[in-house]
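In case you want the letters, here they are:
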Amino acid sequence: METLKAKTRENGVKAKKLRKEGWVTGSLCGHELDHSLAIQLDANEAKKFLKNHSVGSKITLVVDGVKYLSLIKSIDIQPATNKLLDINFMQLVANERVKAVAEVVFENEDKARGFLTCEVRQIEYKALPKHIVEKVVIDVSKYKVGETLTVGDLEMSKDKNIEVLTSPDINVLHVVSRSRMKAATEETEEGVTEESIETASKAS
């Protein structure tokens, strides 16, 4: 399990100032903590770490030298600049189930047999720390045009140690023929164009 270092956030220092100085703000909460910890992390180290980790990842968070088995609960990124602002963690307890999410990752997309659609990119579930699922990796090259994979079809949904909260009927993957998708796109564009012409005619 990989480790990420942090330190207790300086009292009275605003988040904006810390970010200008190259820090990312955050917090660590958990039932076994006397109180939530306000923390700060080196921005460059945090960015590197998040290249291979995301919400739902189980990690060892080291705060002022103390190790905490933790789960990444949320990541706040500024949309306009894509700047990392804040990361929040939850301390994990061995015998306590935690609500988490598993990221859906498509593999071999360049070998896909058709156009891929997906209704959900994260699967919500509850499990003990030892049964946490960080990612659901799907090899899309194995699926033919017309085939569908639902949440209920996933291995984690069949695991008795995991309580999946996302509806089992939701599509995680559906493969559509490229010609069909192209036709649907052209039909939509034509409909928008005709509607625009009709609206313009009425306006004049």
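Summary of the structure given here. Since this is a predicted model, take the numbers as computed values, not measurements.

Here the focus is the sheet that holds strand 12 (residues 163–164). If you walk across this open sheet you meet the 4 strands as 10-7-9-12, and the pairing is mixed. This sheet does not close on itself; its edge strands, each paired only once, are strand 10 (135–139) and strand 12. Inspection of the sheet shows strand 7 (residues 98–107) paired to strand 9 (residues 122–127) by 6 bridges, in the antiparallel sense. Across the sheet, residue Ala-102 finds its bridge partner in strand 9, namely Ile-123.

The next thing to look at is the sheet that holds strand 6 (residues 83–91). Spatially, the 6 strands close up into a barrel ordered 1-3-2-6-5-4, and their pairing is mixed. Ignoring which end each strand starts from, the neighbouring axes of this sheet average 45 degrees apart. Across 8 bridges, strand 5 (residues 66–78) lies against strand 6 in antiparallel orientation. Bridge pairing in strand 6 links Ser-70 to Gln-91.

To continue, consider the packing of aromatic side chains. Given two aromatic rings, their pairing is described by the distance between the two centres and the angle made by the two planes. This model, assessed by the stated rule, comprises 0 aromatic pairs. Here Arg-121 stacks its cationic end above the ring of Phe-106, 4.4 Å away from the centre of that ring.

Glancing now at unusual backbone geometry. With a phi angle near 50 degrees, Asp-64 is a residue other than glycine that sits in the positive phi range. For Asp-64, a relative accessible area of 49% puts it in the partly exposed group. Positive phi, close to 65 degrees, is recorded for Asn-82, a residue that is not glycine. With respect to the helices and strands, the residue Asn-82 is situated in the loop between strand 5 and strand 6.

Further remarks concern a positive patch on the surface. A contiguous patch of positive charge on the surface is contributed by Lys-14, Lys-16, Lys-20, Lys-47 and Lys-83. Tracing the backbone through its elements, the reader meets Lys-83 in strand 6.

The next thing to look at is the side chain of Thr-166. Secondary-structure assignment places Thr-166 in the loop between strand 12 and strand 13 (171–176). Among the polar contacts made by the side chain of Thr-166, one reaches the main-chain amide nitrogen of Glu-124 at a distance of 2.8 Å. Residue contacts for Thr-166: discarding those within four places in its chain leaves Gln-122, Ile-123, Glu-124 and Val-151.

What follows concerns the nonpolar core. In terms of nonpolar packing, the biggest core is built from 26 residues, with Ile-123, Tyr-125, Ile-138, Met-156, Val-172 and Leu-173 touching the most fellow members. At the level of elements, strand 7, strand 9, strand 10 and strand 13 are the ones that each hand at least two residues to this core. At 5 residues, strand 7 tops the list of elements feeding residues into this core. Sequence-distant contacts of Leu-173, defined by excluding residues within four places in its chain, comprise Phe-106, Leu-116, Thr-117, Ile-138, Val-140, Tyr-143, Glu-147, Thr-148 and Leu-149. Core analysis: the next-biggest nonpolar cluster, separate from the first, contains 20 residues, Val-24, Ile-39, Ala-46 and Phe-89 among them.

Moving on, we come to the pattern of salt bridges. Summed over the entire model, instances satisfying the criterion amount to 2 salt bridges. Note that Lys-17 and Glu-21 form a salt bridge whose closest N and O atoms lie 2.4 Å from each other. Where Glu-163 meets Arg-97, a salt bridge forms, and the shortest distance between an N and an O atom there is 3.0 Å. Of this pair, Glu-163 sits in strand 12 while Arg-97 sits in the loop between strand 6 and strand 7; the two residues are 66 residues apart in sequence, bridging distant segments of the chain.

Bringing the pairing of strand 2 (residues 23–29) into the picture now. Pairing of strand 2 with strand 3 (residues 37–42), which is carried by 6 bridges, proceeds in the antiparallel orientation. Bridge pairing in strand 3 places Gly-26 opposite Ile-39. The pairing of strand 2 with strand 6 spans 5 bridges and is parallel. The residue bridging Gly-26 from the neighbouring strand is Ile-87, located in strand 6.

Here is what the cut-offs are and how they apply
Residues numbered from 1 in each chain as written. Predicted model: local features only at pLDDT ≥ 70, side-chain atom pairs only at ≥ 80, totals over all residues. Heavy atoms only, no water. Pairing = 2+ DSSP bridges. Helix = DSSP H or I, 4+ residues; strand = E, 2+ residues; numbered from the N terminus. Axes fitted to C-alpha atoms, helices over the stretch in contact; angles between N-to-C directions. Phe/Tyr/Trp six-rings, centres within 6.5 Å; stacked < 30°, edge-to-face > 60°. Lys NZ or Arg CZ within 6 Å of the ring centre and 35° of its normal. Buried < 20%, exposed > 50% of the residue type's maximum accessible area, 1.4 Å probe, protein only. Patch = residues over 30% accessible without salt bridge, like charges linked within 9 Å, V, L, I, M, F, W, Y side chains within 5 Å. Areas by Shrake-Rupley, 256 points an atom, 1.4 Å probe, with all protein chains shown as cover. Salt bridge = Lys/Arg side-chain N within 4 Å of Asp/Glu carboxyl O. Lys, Arg positive; Asp, Glu negative; His and termini not counted. Charge placed at Lys NZ, Arg CZ, Asp CG, Glu CD. Polar contact = N/O pair within 3.5 Å; in protein donor to acceptor, adjacent residues only side chain to side chain. Contact = heavy atoms within 4.5 Å. Core = buried A, V, L, I, M, F, W, Y, C linked by side-chain atoms within 4.5 Å.

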